[in-house]
Amino acid sequence: MGVTFVAVSRAGRFLGPNEPGLEQPAVYVTWADRRHLDGRLPGFYAREGERREGPGFGYHGYHQWRAWLCAAVNHEAIQTYWEGEHDNPSPDQPAFAALIWSSDCEGAFGDRTCTRLAAEFVAHRSLAARRATIVLTDEAVADDEAEEVTGGTVDQETAAWRLDRYDELAALFAHGADDGWVYLV
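Source: prediction; values computed, not measured.

## Some words on the pairing of strand E5 (residues 181-184)
Consideration 1: Taking every second residue as pointing to the same face, both faces of E5 are buried, with Trp 181 and Tyr 183 on one and Val 182 and Leu 184 on the other.
Consideration 2: With 4 bridges joining them, strand E1 (residues 2-16) and E5 adopt antiparallel strand pairing. Counted as the bridge partner of Phe 5 is Leu 184 from E5.

This is the structure in structure tokens:
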């Protein structure tokens, strides 16, 4: 059991808040997702455009990956981030705020959020690569300027897995930009 990211290159028409006859593939977007829907209503949408399925995670694996992302890019432990002043993600929030604040079991991101996240994945790729081996502790992420961390390192297989997921999600969010979606199933 876990979560898989799916991108659709073009969102279709709104089918309604209740389950339609589903004679065509549809995307269901919940109320919980509304802050990342970019003005679209929760409910069912026709699925148009190319569909791409991205990485699958176990729930614990996704949480660990997202915690690493927060630490590596925002220099803050995810729990510290969640307890801080970042509870209302907006364009001026730290990188990946929409992704870090989304549920780890369901969610959807509209085209503007996908565009912003795709740009953040590109902008922070080299930093993520340099910090792929960090161990997640508050001490290891406290210094914004640190290239080396004192909390130790993870093995190369874990570092490669982190970066592979990073690159796969970057491609999915780029695919969902410009009138598309990325959603979790």
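## Let's talk about the side chain of Thr 4
Consideration 1: Inspection of the secondary structure assignment puts Thr 4 in strand E1.
Consideration 2: Taking relative accessible area as the criterion, Thr 4 reaches 17% and is therefore assigned buried.

## A word on helix H4 (residues 111-123)
For an α-helix, 3.6 residues make a turn, and residues three or four places apart therefore share a direction.
Consideration 1: Relative to the 18 Å expected for 13 residues at 1.5 Å per residue, H4 spans 18 Å between its end C-alpha atoms, a close match to the ideal helical length.
Consideration 2: Those residues of H4 that fall on the buried side of the exposure criterion are Asp 111, Thr 113, Cys 114, Leu 117, Ala 118, Glu 120 and Phe 121.
Consideration 3: Where H4 is buried, its residues meet helix H1 (59-74), helix H3 (97-101), strand E4 (107-109), helix H5 (125-130), helix H7 (156-176) and E5.

## Looking at the packing of aromatic side chains
Consideration 1: Across all of its chains, the model carries 14 aromatic pairs by this definition.
Consideration 2: An angle of 15° between the planes, with centres 6.5 Å apart, marks the rings of Tyr 62 and Trp 65 as stacked. Here Tyr 62 and its partner Trp 65 are both found in helix H1, 3 residues apart, which amounts to about one turn of the helix.
Consideration 3: Taken together through their ring pairs, the aromatic side chains of Phe 5, Phe 57, Tyr 62, Trp 65, Trp 68, Phe 96, Phe 109, Phe 121, Trp 161, Tyr 166 and Phe 173 make up a single cluster.
Consideration 4: Lying across the ring of Trp 181, Arg 40 places its NZ or CZ 4.6 Å from the centre.

## Remarks on the pattern of salt bridges
Consideration 1: Per the stated rule, a full pass over the model turns up 6 salt bridges.
Consideration 2: A salt bridge links Asp 111 to Arg 40; the shortest N-O distance between them is 3.9 Å. Here Arg 40 lies in the loop between strand E2 (26-29) and strand E3 (43-58) and Asp 111 lies in helix H4, a separation of 71 residues in the sequence.
Consideration 3: For Asp 111, a relative accessible area of 18% translates into the label buried.
Consideration 4: In this structure, Asp 179 engages Arg 40 in a salt bridge whose closest nitrogen and oxygen atoms are separated by 3.0 Å.

## Remarks on the nonpolar core
Nonpolar side chains in soluble globular proteins tend to be buried together.
Consideration 1: Counting 39 residues, the largest nonpolar core has Phe 5, Trp 65, Trp 68, Leu 99 and Phe 173 as the members making the most contacts within it.
Consideration 2: Looking at this core, the elements that each hand over two or more residues are E1, H1, helix H2 (78-83), H3, H4, H7 and E5.
Consideration 3: At 9 residues, H1 tops the list of elements feeding residues into this core.
Consideration 4: By size, the runner-up hydrophobic cluster in this structure holds 8 residues, among which are Val 6, Val 8, Tyr 45 and Trp 181.

## Side note on the confidence of the model for the protein
Consideration 1: Model confidence for the protein is summarised by a mean pLDDT of 79, while 77% of its residues fall at 70 or above.
Consideration 2: Taken together, the stretch residues 142-150 has pLDDT below 50 and engages in 8 contacts with residues farther than four places along the chain or on a different chain.

The rules behind each value
- Residues numbered from 1 in each chain as written.
- Predicted model: local features only at pLDDT ≥ 70, side-chain atom pairs only at ≥ 80, totals over all residues.
- Heavy atoms only, no water.
- Buried < 20%, exposed > 50% of the residue type's maximum accessible area, 1.4 Å probe, protein only.
- Helix = DSSP H or I, 4+ residues; strand = E, 2+ residues; numbered from the N terminus.
- Pairing = 2+ DSSP bridges.
- Expected span 1.5 Å × (residues − 1).
- Contact = heavy atoms within 4.5 Å.
- Phe/Tyr/Trp six-rings, centres within 6.5 Å; stacked < 30°, edge-to-face > 60°.
- Lys NZ or Arg CZ within 6 Å of the ring centre and 35° of its normal.
- Salt bridge = Lys/Arg side-chain N within 4 Å of Asp/Glu carboxyl O.
- Core = buried A, V, L, I, M, F, W, Y, C linked by side-chain atoms within 4.5 Å.
- pLDDT = per-residue confidence, 0-100.

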